[in-house]
Amino acid sequence: MFIYEFIEQINEKYPSIDKFKPASEEMIRAYEKTIGYPLPPSFSAFLKQFSNGIFLLDCEPIGGVDKNSPCSDIRNVHDIIPDVPSQILAEETNELIESTRLISFTMFDAGDSSNNHWVFICDDNVRNNDYRVGFISQDTKKIIKILSNFEEWLKILWEYDKHGDINLPVFHVLFPTFDQRVSLLQEK
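All of the points below concern the structure found in this document. (Residues numbered from 1 in each chain as written. Predicted model: local features only at pLDDT ≥ 70, side-chain atom pairs only at ≥ 80, totals over all residues. Heavy atoms only, no water.)

1. Focus: helix α1 (residues 2–13)
We count it as follows: The secondary structure listing takes helices from DSSP runs of H or I that are at least 4 residues long and strands from runs of E that are at least 2 residues long, numbered from the N terminus. One fewer than the residue count of a helix, multiplied by 1.5 Å, yields its expected span. Throughout this description, buried means an accessible area under 20% of the type-specific maximum (1.4 Å probe, protein chains only), exposed means over 50%, and partly exposed covers the range between. Taking the helix axis as origin, the arc is that swept by the directions to the C-beta atoms.
Here α1 is twelve residues long and its end C-alpha atoms lie 16 Å apart, about the 16 Å a rise of 1.5 Å per residue gives. Those residues of α1 lying buried are Phe-2, Ile-3, Phe-6, Ile-7 and Ile-10. Along the long axis of α1, the arc covered by the buried residues comes to 140 degrees, so they all point the same way. Facing away from the buried side of α1, by more than 90 degrees, are the exposed residues Glu-8 and Glu-12.

2. Focus: the packing of aromatic side chains
The condition that has to hold: Within 6.5 Å between ring centres, the rings of Phe, Tyr and Trp (the latter by its six-membered ring) count as paired, and their orientation is classed by plane angle as stacked under 30 degrees, edge-to-face over 60, tilted in between.
Following the criterion strictly, the structure yields 20 aromatic pairs and no others. An angle of 20 degrees between the planes, with centres 6.4 Å apart, marks the rings of Phe-6 and Phe-46 as stacked. Highlighted residues: Phe-6 in helix α1 and Phe-46 in helix α3 (residues 41–49), separated in sequence by 40 residues. Grouping residues by exposure puts Phe-6 and Phe-46 together as buried.

3. Focus: the side chain of Asn-149
Under the convention used in this document: Here a polar contact means two N or O atoms within 3.5 Å. Within protein one must be a hydrogen donor candidate and the other an acceptor candidate, and residues neighboring in sequence count only if both atoms are side-chain atoms. Residues count as neighbours in contact if any of their non-hydrogen atoms are within 4.5 Å of one another.
With respect to the secondary-structure elements, Asn-149 resides in the loop between β9 (143–147) and α5 (150–163). Its relative accessible area of 14% is what places Asn-149 among the buried residues. In terms of polar contacts, Asn-149 uses its side chain to reach the side chain of Asp-130, at 3.1 Å. Once residues within four sequence positions are removed from consideration, Asn-149 is found in contact with Asp-130, Tyr-131, Arg-132 and Val-133.

Structural measurements only, silent on function.
Right, dumping it as structure tokens:
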């Protein structure tokens, strides 16, 4: 899994990165019961082997499985965007997804200081709980970008960090101009 390469590389590049105490297996299992879905193995490894929540590279606020995590705790999207409808349109795939199946792992979109979120799309038929991740707009209440899993999301963030002097949230890496982001995030 890429997650272990990432942990090794980030610890080497940023030896004094401000991490939160890693999660235990018991903490993760308890949160899985709370949210109603098992977490992807890569995300569990991130929490156990790296940090139980972190403001990663000063641009991505990743939640943990502890209410005291630096960027809060992961939770159902209803807890963060209370007026989210019961079904959410994933624009790229033109599918409707039950909002109860969306677990936010970022607590806000740091680059825009908004309540746009990356969420796990918890489908029951996904092998090894390696869920897709989607970016949900607080304005449109739609998923406007889908990636194959948490590791793909993390690779995008990490690869950009290797090449740039400024860290950017994944959504900004994927959509580099303000006009692109606004056209996707706001109601047309």
